[in-house]
Amino acid sequence: MFIPQVDVPTLFNSQLSMPLLQLDKPPRFSLDMSGAASLLGGDDAVSAMAAVHVYGDQRWLGWYNTPGSLQIAKRLSSFAKSVSFRGLSQTFFSKSIHVDPTSLFELDGYKGPKFRAAHSGTVIQETSYVAALFMKECTAWDSEGKVVPGRRSTPIGITIADLGQAPASEMRPASSSAFTLLFASIPIAISIGTCALCAVCGDFYASSLILVGIVASGISCFVLGSADFIFTHPEPAKGSPAGDGILSSDKDIVLLRGTEGAVNSITRGSFSLRFSSVAHYNLIRSCSILFFIQCITQLLLIPQASLFGQMMFLTSLGVSALYNAWLSSLDKEKIHQKLVFEGVLENPTLAKYTLGTRTAAVTFMLLVLQPHDPAGLLNEFLPNDTKVWRQWKATILEQLRHPRDQSFLSESKLRERDEFTQEEQDLLNLLYEDARAAYNGYRDYLRVDSL
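Residues numbered from 1 in each chain as written. Predicted model: local features only at pLDDT ≥ 70, side-chain atom pairs only at ≥ 80, totals over all residues. Heavy atoms only, no water.

**Observations concerning empty space enclosed by the protein**
Quick note on the threshold: We place a 1 Å grid over just the protein atoms. Points where a 1.4 Å probe fits but has no way out form a cavity, open points with protein on both sides within 12 Å along at least 5 of 7 lines form a pocket, and any residue with an atom within 4 Å of a point lines it. Grid points are joined across faces, edges and corners, and a volume is the space filled by probe spheres set on the points. Every helix listed is a DSSP run of H or I at least four residues long, and every strand listed is a run of E at least two residues long, numbered separately from the N terminus. Under the scheme applied here, ten amino acids are nonpolar (Ala, Val, Leu, Ile, Met, Phe, Trp, Tyr, Cys and Pro), four are charged (Asp, Glu, Lys and Arg), and all others, including Gly, are polar.
In the structure shown here, the tally under the stated rule is 3 cavities of 30 Å³ or more. Empty space within the largest cavity amounts to approximately 120 Å³. In terms of lining residues, the largest cavity is bounded by 16 residues, among which Ala 48, Met 49, Leu 61, Tyr 64 and Cys 221 are the most central. Only helix H2 (42-54), helix H7 (204-225) and helix H10 (307-329) provide two or more residues apiece to the lining of the largest cavity. It is H2 that provides the largest number of residues to the lining of the largest cavity, a total of 5 residues. Within the lining of the largest cavity, the residues separate by chemical class into 11 nonpolar, 5 polar and no charged.

**So, the sheet that holds strand E2 (residues 115-117)**
Defined as follows: Any two strands are treated as partners once DSSP identifies two or more bridges connecting them. Whether two residues are in contact is decided by their heavy atoms, any of which lying within 4.5 Å being enough. Interaxial angles span 0 to 180 degrees and are taken between N-to-C directions of axes, which are lines fitted to C-alpha atoms, for helices over the stretch in contact.
In space, the 7 strands of this open sheet follow the order E3-E2-E8-E9-E5-E11-E4, with mixed pairing throughout. Strands at the two margins of the open sheet, each flanked by one partner only, are strand E3 (123-124) and strand E4 (146-147). In the sheet, strand E5 (residues 156-162) pairs with strand E9 (residues 252-257) via 6 bridges, with the strands oriented parallel. Each residue of the ladder has a partner; that of Asp 162, found in E9, is Arg 257. Seen against the sheet, helix H8 (residues 260-267) touches E2, E3, strand E8 (245-248) and E9 and runs at an angle of roughly 140° to E9.

**Quick notes on the packing of H7 against helix H9 (residues 280-301)**
The criterion, for reference: The cut-offs work like this: below 35 degrees is roughly parallel, past 145 is roughly antiparallel, 65 to 115 is roughly perpendicular, and the gaps in between are oblique. Handedness of a helix crossing follows the sense of rotation of the near helix relative to the far helix, less than a right angle counterclockwise being left-handed and clockwise being right-handed.
Relative to each other, H7 and H9 sit at 160°, their axes nearing to 9 Å. Classified by the angle between their axes, H7 and H9 sit roughly antiparallel to one another. Every pair of crossing elements has a handedness; the one defined by H7 and H9 is left-handed. Between H7, through Tyr 205, Leu 209, Val 212, Gly 213, Val 215, Ala 216, Ser 217, Ile 219, Ser 220, Val 223 and Leu 224, and H9, the contact on the second element is made entirely by His 280, Leu 283, Ile 284, Cys 287, Leu 290, Phe 291, Gln 294, Thr 297, Gln 298 and Leu 301. Class assignment for the residues of the contact of H7 with H9 results in 14 nonpolar, 7 polar and no charged.

Here it is in structure tokens:
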């Protein structure tokens, strides 16, 4: 019987050299970096979404394929959680909930300066963000204003703000949105155009993914824009004295003149978002999920599109990214200031004076406000407690009882005292000169104010 001889090593080696799985053509599925482009620009995208209330009613202007979907999804998710914890605890106590928009958009700004009431004695160590905006606007307004002649060492600007009628305790301030409407139409048109062009060319991968981005951004802007952007401040108790008071920094002082309600709108006012119901946060969570879906699908499926489809996809993202960058580059603080001055306070009357020394500035401040406790304010702003300063303060407090007296600190009413040395008397005379300069500035203010 014939037994064939088989070369076992040759057979074994030939089997090892054969591939286990033969493919006639490369696999269709592949990964490249074009899909990762949708992850970029997250900070600008979140900042642009914050504009839904800052720049007027923008809830219909989010229909474009925005980049940064992952960052937006994470931010909306954290916001929905913060709302749910507060909202569920209030379900049985109120029909609506208030949410600070800074928890979503990180627009806390900063705390306002210290406030001292001129008549009630109220002291607020840290005022609201609205007070910070108001103080900054007054500081920049009219540069130096009217410079009061006199000695100059450390000039201090004093802005007198006559607030007029108090705003409503709850209101919806409106801001103009005409210029953003024009620019928002560009990414919307490009996104819709590239989506339609890809569909006409038969690239349904790219067309559908651009459409997912448009829908996710548009629905989210509409949901967030459906909340009411409101301004609130506490109503004063009946019979409250005038709310006149002082906002002060190292180089500037703002004198607020008006009713308690008008002053409260600055020192204790705040912006917030009001949702129609507690269930509204579920929609925000759904928007977060929608952005996650957009992120995953674009990352995985855009490589399956044609080269033309990928170029159209990147074009829509690029134009949207430029729009988001432009929108986020706008000075939101300036827009907030305009919202406070025009939308809430309805353009209060301002008058600014610059005095050469802190002594003159404090004297001018006391003359304008006529506070209930001038000694307390005088000692707080000028804590000096030497023999010369005590004499000067006593003279000023005596003169403040008749602020419109033409003989205010006249030479005939001031005489040298034997208990002072020549150096001390020279310093006292110098302080009196500062007070006279402040009184001259006060008379000018009365003359202008009476016109």
